[in-house]
2 protein chains.
Amino acid sequence: MQKLTIVASLATLLSTIPAIAQEAEKPEFPSPNEIVDKAAPEQWRAIAASDLLVMQLVPDAAGKDRRVVIQLMPEPFSQGWIRNIRKLAAANWWDGTSINRVQDNYVVQWGDASEEKALPEGLETVPESEYTSTYNAGLFDFVWRYDGRQKAEFTEIPRPSLVSEANKAPPPNFGDIFDAVGFIGSMPIAMTYSRQVEYRVGRVNKPNQIWPVHCYGMVGVGRNLSPDTGSGAELYTVIGHAPRHLDRNIAVVGRIIEGIEHLSSLPRGTGPLGFYETADERVPIQSIRLVSDLPTADQPRFEYLSTEGETFAQYADARANRRDPFFIMPAGGADICNIPVPVRRVKGE
Amino acid sequence: MQKLTIVASLATLLSTIPAIAQEAEKPEFPSPNEIVDKAAPEQWRAIAASDLLVMQLVPDAAGKDRRVVIQLMPEPFSQGWIRNIRKLAAANWWDGTSINRVQDNYVVQWGDASEEKALPEGLETVPESEYTSTYNAGLFDFVWRYDGRQKAEFTEIPRPSLVSEANKAPPPNFGDIFDAVGFIGSMPIAMTYSRQVEYRVGRVNKPNQIWPVHCYGMVGVGRNLSPDTGSGAELYTVIGHAPRHLDRNIAVVGRIIEGIEHLSSLPRGTGPLGFYETADERVPIQSIRLVSDLPTADQPRFEYLSTEGETFAQYADARANRRDPFFIMPAGGADICNIPVPVRRVKGE
């Protein structure tokens with residue numbers, strides 16, 4: 001009967017719209033995907049092979065290859081854990097470990113199920129203070145802000161107008177529960193202004209903070225109770241609605257840019273917190289390697305849409321206000337996790 | 001090595017905390033789940049069997065039963081489509097149809113893959129205006145608001161304080177991109193105040209609106225291009241981050257309250273929009289029935305935590321500001337989809 005077409009790319013349907021639509025006064029509004037597809041080559045930024053991890057799982061029951069690619073977080077975020085992760089990958093530490101936990105609408109977690117495998121020498125113990133960075137003016141050269149659509153000083157993010165304005169729609173609202181959100185490189189980040197906050201240790205005067213946020217596909221570091229911060233050997237990724245409560249409580253070290261379906265479609269664990277209850281349920285990890293440590297011919301190459309350019313601004317605006325043909329009512333805003341930074345494979349030369 | 005413990009229930013770890021922690025000055029903060037577990041019996045509300053759909057899929061490869069339970073939306077939302085859905089279920093219309101689409105971080109969709117199966121007689125054609133309701137004072141007796149923690153007049157939702165306040169933490173922020181969010185019964189809803197908005201047909205003066213929002217597990221009605229609104233025969237559920245752009249563009253008719261893992265863990269479709277490309281990939285639906293049409297002995301019974309009570313207010317507050325032992329930094333807020341209304345099976349008498 002009718003076919004659900006609730007997403008961006010509607011090329012086939014578009015072709016069925018009569019020609020008269022082309023003559024109407026209203027401008028045509030491309031979908032977010034169409035905007036990205038038309039981005040000029042110089043809008044794309046290469047991701048360094050040394051910032052990519054490849055996790056190779058055993059093939060699935062049908063023999064299908066299962067490969068997951070993770071982009072590591074850039075400076076200044078979580079760098080101590082990322083140094084550990086590089087050492088763990090170089091030591092082939094994850095080879096023979098497994099996916100151990102799949103909790104619906106939450107996380108998939110991997111590492112050493114035995115909890116007895118010795119870690120490599122020389123891993124850092126990173127303090128909790130590294131969950132966030134204190135921002136400085138220099139950083140904001142790299143922060144994309146909607147209101148500026150350019151490199152900009154830090155200014156308040158637009159909030160929705162609460163009153164009617166004749167002939168003027170309210171501005172898109174990219175706010176969240178934070179003071180501001182934006183991007184550094186391809187990563188979603190949030191900020192707060194200086195304020196008093198309540199820690200478990202009592203009220204603390206916090207300076208301005210900036211940190212990578214948990215969105216679908218972001219990768220974080222498992223840990224035990226505070227003050228443990230995890231080594232980076234236990235990792236997880238988000239497979240549900242953004243768990244905002246984890247931000248600033250766990251180190252976020254990267255984002256899955258290819259193959260998350262090999263994790264998100266795994267059977268949910270039936271033990272507490274979604275842990276698998278039997279060894280048979282765990283999915284063996286063949287290897288995790290830095291792409292730069294693979295033979296050159298085997299190195300996948302990726303690029304992301306610059307978050308500082310005009311194309312990204314148009315894309316984010318379209319994510320917040322869909323006006324392509326399927327939509328009758330633009331949302332008027334989008335939270336940071338509804339504006340995933342486009343990533344694509346670089347085609348072979 | 002270390003075990004990731006990033007969720008609510010930490011009973012086993014709690015038991016390892018030395019007794020001295022009990023003597024500290026700080027009060028103990030229960031987790032959201034602990035708050036729900038201690039809710040008094042009168043805080044729970046039965047869900048009528050006539051408002052529940054059971055979708056029975058064929059057993060999985062291991063022979064495991066796969067049953068999904070959907071609670072239908074209460075008045076005043078989407079009632080025309082829900083009347084259609086009741087007729088489709090009564091006609092056994094979905095028997096032999098299938099799950100046809102699984103798009104990662106987006107939706108699972110089911111219905112008639114052939115698009116040729118005749119619909120029952122007498123289905124309604126529901127207008128787009130029914131995607132939302134115009135609120136009236138009476139409705140707000142049923143809307144839970146954080147700032148009031150009680151039946152309340154409609155007032156502006158708290159936004160985060162942007163300045164330091166000595167000895168005072170900013171109030172939790174339950175805002176989203178909307179003017180306000182809350183619950184009616186067990187369903188998440190959003191509201192906007194009267195304003196000018198831009199439709200595809202031009203700028204329109206919209207009155208106050210209230211509508212059910214797309215969160216993980218919410219169920220909506222597939223449709224073709226406007227002005228089609230779908231009959232209710234094609235349904236989908238959200239299996240990723242809340243797709244805010246779908247709100248007010250599609251009818252939301254319910255919420256999956258049990259068994260979503262049977263949908264969210266299905267292999268992702270490799271065709272456009274995540275549609276399965278071959279008939280073999282589709283998961284057959286044995287039946288979809290109203291629970292009230294099942295033999296009494298086979299009727300599962302469910303109840304939800306009242307969103308009007310003090311327990312729910314405590315739960316929502318804890319979701320926005322986790323202070324149970326794992327957490328070192330409360331988020332200071334939660335969006336509407338991070339406060340899922342607790343639902344549980346009623347134990348047999």
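Residues numbered from 1 in each chain as written. Chains lettered and ligands numbered in written order. Predicted model: local features only at pLDDT ≥ 70, side-chain atom pairs only at ≥ 80, totals over all residues. Heavy atoms only, no water.

Novice: Would you take a moment to explain the overall build of chain A for this structure?
Specialist: Per the secondary structure count, chain A includes six helices and 16 strands. For chain A, with 349 residues in total, the buried portion stands at 58%. For chain A, the exposed area adds up to about 13900 Å²; of that, 50% sits on carbon and sulfur atoms. (Helix = DSSP H or I, 4+ residues; strand = E, 2+ residues; numbered from the N terminus. Buried < 20%, exposed > 50% of the residue type's maximum accessible area, 1.4 Å probe, protein only. Areas by Shrake-Rupley, 256 points an atom, 1.4 Å probe, with all protein chains shown as cover.)

Novice: I'm lost on the packing of aromatic side chains in this one. Help?
Specialist: For any pair of aromatic rings, the description consists of the separation of the ring centres together with the inter-plane angle of the planes. What the rule picks out here adds up to ten aromatic pairs over all chains. The interplanar angle of 10 degrees and the centroid separation of 5.5 Å between the aromatic rings of W81(A) and Y131(A) together place this pair among those described as stacked. You can see W81(A) sitting in helix α4 (residues 79–90) and its partner Y131(A) sitting in the loop between β5 (107–111) and β6 (180–184), a full 50 residues away along the chain. With a centroid separation of 5.4 Å and an interplanar angle of 80 degrees, the aromatic rings of F326(A) and F327(A) are classed as edge-to-face. Judged by relative accessible area, F327(A) falls into the buried class, the value being 0%. Taken together, the aromatic side chains of F183(A), F312(A) and Y315(A) make up a single cluster linked through ring pairs. Over the ring of F326(A) we find R223(B); its NZ or CZ atom is 3.7 Å from the centre of that ring. (Phe/Tyr/Trp six-rings, centres within 6.5 Å; stacked < 30°, edge-to-face > 60°. Lys NZ or Arg CZ within 6 Å of the ring centre and 35° of its normal.)

Novice: Looking at this structure, I do not really get the state of the cysteines. What am I missing?
Specialist: Cysteine pairs can be covalently joined through their sulfur atoms, and such a bond is termed a disulfide. Residue and element names in this part refer to chain A. For the structure shown, the criterion picks out two disulfides over all chains. Between the sulfur atoms of C215 and its disulfide mate C337 the distance is 2.1 Å. Here C215 and C337 share a disulfide; its torsion about the S-S bond, -80 degrees, makes the bridge left-handed. With C215 in the loop between β10 (209–212) and β11 (218–221) and C337 in the loop between α6 (310–320) and β16 (343–345), this residue pair connects regions lying 122 residues apart in the sequence. Just as C215 is buried, C337 falls in that class too. (Disulfide = S-S within 2.5 Å.)

Novice: Would you explain the sheet that holds strand β12 (residues 235–238) of chain A in this entry?
Specialist: The strands making up a sheet associate through hydrogen bonds between their backbones, and the pairing can be parallel or antiparallel. Residue and element names in this part refer to chain A. Reading around the circumference, β2-β3-β13-β11-β12-β5-β4-β14 is the order of the eight strands in this closed barrel, with antiparallel pairing throughout. Averaged over all pairs of adjacent strands, the angle between their axes in this sheet comes to 35 degrees, without regard to strand direction. Contacting β2 (52–57), β3 (66–72), β11, β12, β13 (252–258) and β14 (283–290), α4 crosses the sheet at an angle of about 110 degrees to β14. (Pairing = 2+ DSSP bridges. Axes fitted to C-alpha atoms, helices over the stretch in contact; angles between N-to-C directions. Contact = heavy atoms within 4.5 Å.)

Novice: Quick question: what am I supposed to make of the pairing of strand β11 (residues 218–221) of chain B here?
Specialist: A regular strand places its side chains on the two faces of the sheet in alternate fashion. Residue and element names in this part refer to chain B. Neither face of β11 is exposed, since M218 and G220 on one face and V219 and V221 on the opposite face are all buried. As paired elements, β11 and strand β13 (residues 252–258) share three bridges and run antiparallel to each other. Of the residues in β13, the one forming a bridge with V219 is G254. The sheet contact formed by β11 and strand β12 (residues 235–238) spans three bridges and is antiparallel. Looking at the pairing, G220 lines up with Y236 of β12.

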